[in-house]
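Single-letter residue listing:
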Amino acid sequence: MRACTLAELPEDEGLRLSTVPVTSVFATESGIFCIDDTCTHDTSSLADGWIEGCVVECVLHMARFDLRTGDVVSPPARRPVSTHPVACVDGVVLVALPAAYLVKEQSP
Ligand code: FES
């Protein structure tokens, strides 16, 4: 699905996509990454988290996840978040989500 344009990606947080489950796209110096948005510790949105390198830190209890793999870098989360392939074509960010994911709306 079309996620956004490169210009629409915030520099210091993620961009939540209108999918079920909710996913988010993050721009880092190492590339663009898409993960499931909900922290596996509770229900906080990781798009609101702080990005450092390829790691996002949840704003609620500061669990940290590797954006490249979804793995937990530091607790209190214990389960990884799902990651999804990303491609960038002519300034448009495309993400490949599992067939079971619903797209509620798409950007024009
Ligand atoms: S909800 Fe993310 S660390 Fe608790």
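Cut-offs used in this document
Residues numbered from 1 in each chain as written. Predicted model: local features only at pLDDT ≥ 70, side-chain atom pairs only at ≥ 80, totals over all residues. Heavy atoms only, no water. Salt bridge = Lys/Arg side-chain N within 4 Å of Asp/Glu carboxyl O. Buried < 20%, exposed > 50% of the residue type's maximum accessible area, 1.4 Å probe, protein only. Core = buried A, V, L, I, M, F, W, Y, C linked by side-chain atoms within 4.5 Å. Contact = heavy atoms within 4.5 Å. Patch = residues over 30% accessible without salt bridge, like charges linked within 9 Å, V, L, I, M, F, W, Y side chains within 5 Å. Areas by Shrake-Rupley, 256 points an atom, 1.4 Å probe, with all protein chains shown as cover. Helix = DSSP H or I, 4+ residues; strand = E, 2+ residues; numbered from the N terminus. Pairing = 2+ DSSP bridges. Axes fitted to C-alpha atoms, helices over the stretch in contact; angles between N-to-C directions. Disulfide = S-S within 2.5 Å.

(A) Quick peek at the pattern of salt bridges. Scanning the model with the defined rule gives 3 salt bridges in all. Linking Glu57 and Arg64 is a salt bridge whose minimum nitrogen-to-oxygen distance equals 3.8 Å. Taking relative accessible area as the criterion, Arg64 reaches 25% and is therefore assigned partly exposed. The partner of Arg68 in a salt bridge is Asp66, and the shortest N-O contact between them spans 2.9 Å. On the basis of relative accessibility, which here comes to 12%, the residue Asp66 falls in the buried class.

(B) Expanded view of the nonpolar core. One finds Phe26, Ile35, Cys39, Leu46, Val56, Phe65 and Leu67 to be the most contacted residues of the largest nonpolar core, which totals 13 residues. With sequence-adjacent residues up to four places away left out, Val56 is seen in contact with Phe26, Ile35, Leu46, Gly49, Trp50, Ile51, Ala63, Arg64, Phe65 and Leu67. In this structure, Leu9, Leu17, Val25 and Val95 belong to the second largest nonpolar core, which totals 8 residues.

(C) Molecular detail of a nonpolar patch on the surface. There is a patch of nonpolar side chains on the surface, built from Trp50, Val59, Leu60 and Met62 and spanning about 400 Å² of accessible area. Note on placement: Leu60 falls in the loop between strand S7 (55-57) and strand S8 (64-66). By relative accessible area, which is 46% here, Leu60 ends up partly exposed.

(D) The arrangement of the pairing of strand S11 (residues 86-89) in detail. Relative to strand S12 (residues 92-95), S11 runs antiparallel, the two being bridged by 4 bridges. From the neighbouring strand, Ala87 faces S12, where its bridge partner is Leu94. Connecting the antiparallel pair S11 and S12 is a turn made up of 2 residues, with Asp90 showing a positive phi of about 50°.

(E) Region of interest: the environment of Pro80. Structurally, Pro80 can be placed in the loop between strand S9 (72-74) and strand S10 (83-84). Pro80 gets classed as partly exposed once you look at its relative accessible area, which sits at 47%. Apart from residues no more than four positions distant in its own chain, Pro80 is found in contact with Thr40, Gly70, Asp71 and Val72.

(F) Structural context of the sheet that holds S12. Strand order in the open sheet formed by 3 strands is S1-S12-S11, and the pairing between neighbours is antiparallel. Two strands in the sheet have a free side with no partner beyond their single neighbour: strand S1 (2-5) and S11. Strand-to-strand twist across the sheet, computed as the mean angle between neighbouring axes with direction ignored, equals 25°. By the bridge criterion, 3 bridges tie S1 to S12 in an arrangement that is antiparallel.

(G) Inspection of the state of the cysteines at higher detail. With the rule as written, the count across this model stands at 0 disulfides. Cysteine Cys4 remains unbridged, with the sulfur of Cys88 as its closest cysteine sulfur at 8.5 Å. In this structure Cys34 is not part of a disulfide, and its nearest cysteine sulfur, from Cys4, lies 9.4 Å away. Of the residues examined, Cys34 reaches a relative accessible area of 1% and is grouped as buried.

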